[in-house]
Amino acid sequence: MRAVFHYWKNTDLYLLLLAILCSCGSLALVYSTTFSSGSLTRFKVQLGAILLGIACFIIVSIVDLEGMARYWKWFYALNVILQLTLYTPFGYSEGGNHSWLRFGSIGIQPAEIGKVIFICTFAAHLASVFDRLNHWRTLIPLGLHLGIMVGIIMVSSDDAGMALAYIAIAVIMLFAAGLSLKWFAGGLVLIVAAIPFIWRMMNSYQVSRILVLFDPSIDRDTYYQTLQSKIALGAGQLTGRGFLHGDQVQYGILPTSSTDFVFSSAGEEFGFVGCALILTLLCLLILRLFYVSYTGATTFSTLVASGIAGMFLFQTFINVFMCLGMFPVIGLTLPLFSYGGSSVVTMYTALGLAAGVRMREKPSWLQR
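What comes next is a walk through the structure. From a predicted model like this one, the values you see are computed outputs, not experimental measurements.

## Let's talk about the overall build of the protein
Line of reasoning, step 1. Assigned secondary structure in the protein consists of 15 helices and three strands.
Line of reasoning, step 2. Taken over C-alpha atoms, the radius of gyration comes to 21 Å for the protein, in line with the 21 Å a tight globule of 368 residues would show.
Line of reasoning, step 3. Principal axes of the C-alpha set define a box for the protein whose edges measure 60 × 55 × 40 Å.
Line of reasoning, step 4. Within the span of the protein, comprising 368 residues, buried residues form 48% of the whole.
Line of reasoning, step 5. Restricting to contacts in the protein with at least 6 residues of sequence separation, those with at least 24 account for 71%.
Line of reasoning, step 6. Accessible area of the protein: about 17,700 Å², with a carbon and sulfur share of 71%.
Line of reasoning, step 7. Positive and negative side-chain charges of the protein, numbering 21 and 16 respectively, have mean locations separated by a distance of 11 Å.

And the structure:
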């Protein structure tokens, strides 16, 4: 009993409370978006994933990551193997991407789980070269660390959205580690120079998803998702049409209303007020994560928290802009709100890692 009291006294209850509040909103939205089907399967799966996620939060928060950091190369190899499991008979396609493993009725997305492993391995790698970070000989192995993972994800599942998430996480962690701005500027120049080559390598449907943002007539079928998302958001106005009363949601007009476009579903039924509440909760969560990063006891723990904050920030930003029609539809979920067992458990596990950092923070008089 004393151990339980000690845990609740020292863990970051703010992170857990904010996550649970987000999950309550998620359950309401998942119930609403599947209400017309008469099936509670997705609601039950989401509830089960949340409960499993909370358990993972507690377990991971008490794990000594500092002791595991020295074995980061082994965990990196494990992550590579995990992504390659998509080539086994258990791999299957859904939503246009071959990014899932199917075990009977259970579906697992390896790249989602891999994000947490990548954050830890990249943080450990960065911490091991922290004193010589701005030397080009140091940046080459770090680039390979990221590039191999991104390459495997693109080849195995062709999931550009997930690959971008890994890149964004790495960039934010490099910034937190103190990488000179000149290297970021150089990287930006290289990306701009590579755009023509990247454009030629992209699939036709990926090109269409970008072009329709500027001219919907190019491919109206591709633009359909974005169009219905904008209609749903606009229909909600200030306070929304009411729970279970959104036409786009209840009549199945809005595609993937419980996953990619759950923010649009919230906009139609709960209006601007509901969307503002969702963004407020996620912003508070992200700010708390950056605060945890600031108070980290070691370079490794600081970078882990930074990577987790970066993951939440990037996915929130991209998903909302996707729903608003300001970014191509790339299939990134809204953290803790979108339906998806792999996503929910991953997010709770990541928050558990951050809570562990918080439990072992620096004394106030030693903080930067």
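So that's the structure; there's more coming.
## Thoughts on the packing of helix 2 (residues 13-34) against helix 15 (residues 341-359)
Line of reasoning, step 1. Between helix 2 and helix 15, whose axes approach to 10 Å, the crossing angle comes to 165°. Between helix 2 and helix 15, the interaxial angle falls into the category roughly antiparallel. Judged by the twist between their axes, the crossing of helix 2 over helix 15 is right-handed. In this structure, helix 2 contributes L15, L16, A19, I20 and S23 to the contact, and helix 15 contributes Y348, L351, A354 and A355.

## Quick look at the pattern of salt bridges
Line of reasoning, step 1. On inspection of all chains with the given rule, the structure shows four salt bridges.
Line of reasoning, step 2. Measuring nitrogen to oxygen at the nearest pair gives 2.9 Å for the salt bridge that ties D247 to R241.
Line of reasoning, step 3. You can call D247 partly exposed: its relative accessible area is 36%.
Line of reasoning, step 4. With relative accessibility at 40%, the residue R241 sits in the partly exposed group.
Line of reasoning, step 5. One salt bridge connects R241 with E268, and the closest N-O pair in it is separated by 3.6 Å. Separated by 27 residues along the polypeptide, R241 in the loop between helix 11 (220-236) and helix 12 (247-250) and E268 in helix 13 (residues 262-294) bring together distant segments of the chain.
Line of reasoning, step 6. Ionic contacts of the salt-bridge type, sharing partners, join the residues R241, D247 and E268 into one network.

## Some thoughts on the layout of surface pockets
Line of reasoning, step 1. If you add up the space inside the second largest pocket, you get close to 170 Å³.
Line of reasoning, step 2. As for the second largest pocket, its lining consists of L21, G25, A28, L29, A266, F270, G274, L277, I278, L281 and F337.
Line of reasoning, step 3. Of all the secondary structure elements, the ones that give two or more residues to the lining of the second largest pocket are helix 2 and helix 13.
Line of reasoning, step 4. The element that contributes the greatest number of residues to the lining of the second largest pocket is helix 13, accounting for six residues.

## Regarding the packing of helix 6 (residues 110-128) against helix 15
Line of reasoning, step 1. Closest axis-to-axis distance for the helix 6/helix 15 pair is 8 Å, and the angle between their directions is 20°. Judged by the inter-axis angle, helix 6 sits roughly parallel to helix 15. In this structure, helix 6 meets helix 15 at a crossing whose hand is right-handed. Between helix 6 and helix 15, the residues in contact are E112, I113, K115, V116 and C120 and S342, S343, T346, M347, T349, A350 and L353, respectively.
Line of reasoning, step 2. For the contact of helix 6 with helix 15, the class distribution of residues is six nonpolar, four polar and two charged.

About the thresholds
Throughout, a residue's number is its position along its own chain's written sequence, starting from 1. Only residues with pLDDT of 70 or above have their local features reported here, since the model is predicted, and side-chain atom pairs are shown and tallied only from 80 upward, although totals for entire chains, interfaces and linings are computed over all residues. The side-chain figures draw on all heavy atoms in the structure; neither hydrogens nor water molecules are used. The helix and strand labels rest on DSSP assignments: H or I over at least four residues marks a helix, E over at least two residues marks a strand, and numbering proceeds from the N terminus. Each radius of gyration is computed over the set of C-alpha atoms, and the globule rule expresses the reference value as 2.2 Å times the number of residues to the power 0.38. Each residue gets one of three labels from its accessible area relative to the maximum for its type: buried under 20%, exposed over 50%, partly exposed in between, using a 1.4 Å probe on protein chains only. Residues count as neighbours in contact if any of their non-hydrogen atoms are within 4.5 Å of one another. Each accessible area is a Shrake-Rupley result for a 1.4 Å probe, and residues are judged covered by the shown protein chains and nothing else. This count recognises Lys and Arg as positive and Asp and Glu as negative, with His and chain-terminal groups excluded. In this description, the location of a charge corresponds to atom NZ of lysine, CZ of arginine, CG of aspartate or CD of glutamate. Whenever a helix is involved, its axis is fitted only over the stretch in contact; in every case the axis is a line through C-alpha atoms, and angles between N-to-C directions fall within 0 to 180 degrees. Relative orientations are named as follows: roughly parallel for angles under 35 degrees, roughly antiparallel for angles over 145 degrees, roughly perpendicular for angles from 65 to 115 degrees, and oblique for any other angle. Note on convention: near helix rotated counterclockwise from far helix by under a right angle means a left-handed crossing. Clockwise means right-handed. When a carboxyl oxygen of Asp or Glu is within 4 Å of a side-chain nitrogen of Lys or Arg, the pair counts as a salt bridge. Buriedness for pockets is judged along seven lines, at least five of which must meet protein on both sides within 12 Å for an open set on the 1 Å grid over protein atoms alone, while cavities are sets there where a 1.4 Å probe fits but cannot get out, and lining residues have an atom within 4 Å of a point. Grid points are joined across faces, edges and corners, and a volume is the space filled by probe spheres set on the points. Here the nonpolar group is Ala, Val, Leu, Ile, Met, Phe, Trp, Tyr, Cys and Pro; Asp, Glu, Lys and Arg are the charged ones; every other residue, Gly included, is treated as polar.

Nothing here speaks to function; it is geometry throughout.
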